[in-house]
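# Structural overview for review
Single-letter residue listing:
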Amino acid sequence: QVQLVEAGGGLVQAGDSLRLSCAASGDTFSVLRMAWFRRPPGKEREFVASISTLHETTFGAESMKGRFAISRDNALNAAYLQINTLKPEDTAIYYCAAAPLVTPIIWRYWGQGTQVTVSS
């Protein structure tokens with residue numbers, strides 16, 4: 001069993017930047033694939049980015065690759081999502097997720113989410 005706790009969300013203005021963090025506990029972080037998802041108000045949850053144990057990254061869209069950066073620190077059992085030049089449409093609950101290192105990828109573990117609200 002893995003527990004994930006997000007932090008770093010809040011109310012920000014358009015153009016701001018912030019970094020979300022995800023602390024993992026309960027298992028060996030180094031053998032987990034990590035990801036960030038988000039759920040905008042009234043919309044379905046969407047994939048933002050993922051990072052492998054070897055720091056290989058995947059993004060859900062080119063636009064996300066341009067303003068979003070995912071990273072991890074295996075020594076601290078933590079994953080991060082850097083968001084630059086925030087836009088009102090980035091308003092969402094952001095979730096971190098973890099998957100065992102097998103295929104197909106199944107995002108088995110989820111955090112409770114952290115709210116990001118971007119004012120225009």
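We now turn to the structure provided with this report. This structure is a prediction, so every number in the text was calculated from the model and none was measured. (Residues numbered from 1 in each chain as written. Predicted model: local features only at pLDDT ≥ 70, side-chain atom pairs only at ≥ 80, totals over all residues. Heavy atoms only, no water.)

### Comments concerning the pairing of strand β5 (residues 46-51)
On any regular strand, side chains alternate: one points to one face of the sheet, the next to the other face. Across 5 bridges, the pairing between strand β4 (residues 32-39) and β5 is antiparallel. Across the sheet, A35 pairs through a bridge with S50, a residue of β5. In textbook terms, the turn of a hairpin is the stretch between consecutive antiparallel strands, and for β4 and β5 this stretch comprises 6 residues, one of which, G42, has a positive phi near 75°. Where β5 lies against strand β6 (residues 57-59), 3 bridges are found, and the strand directions are antiparallel. What sits directly across from A49, in β6, is F59. Counting the residues in the hairpin turn of β5 and β6 gives 5 residues, including H55, whose phi is positive at 70°. (Pairing = 2+ DSSP bridges. Helix = DSSP H or I, 4+ residues; strand = E, 2+ residues; numbered from the N terminus.)

### Thoughts on the packing of aromatic side chains
Counted by the stated rule, this structure contains 4 aromatic pairs. Ring centres of F37 and W110 lie 4.8 Å apart, and the angle between their planes is 50°; this geometry places the pair in the tilted category. Of this pair, F37 sits in strand β4 while W110 sits in strand β10 (residues 109-110); the two residues are 73 residues apart in sequence, bridging distant segments of the chain. The exposure class assigned to F37 is buried, which follows from its relative accessible area of 9%. Classification of W110 as partly exposed rests on a relative accessible area of 30%. A ring pair is formed by Y95 and W110, whose centres lie 6.5 Å apart and whose planes are at 75°; its orientation type is edge-to-face. On the criterion of sequence distance, the pair formed by Y95 in strand β9 (residues 92-100) and W110 in strand β10 is long-range, its members being 15 residues apart. A network of ring pairs unites the aromatic residues F37, F47, Y95, W107 and W110 as a single cluster. A cation over a ring is seen here: R19 above Y80, with NZ or CZ 4.3 Å from the ring centre. (Phe/Tyr/Trp six-rings, centres within 6.5 Å; stacked < 30°, edge-to-face > 60°. Buried < 20%, exposed > 50% of the residue type's maximum accessible area, 1.4 Å probe, protein only. Lys NZ or Arg CZ within 6 Å of the ring centre and 35° of its normal.)

Everything listed is a geometric property; what it means functionally is a separate question.
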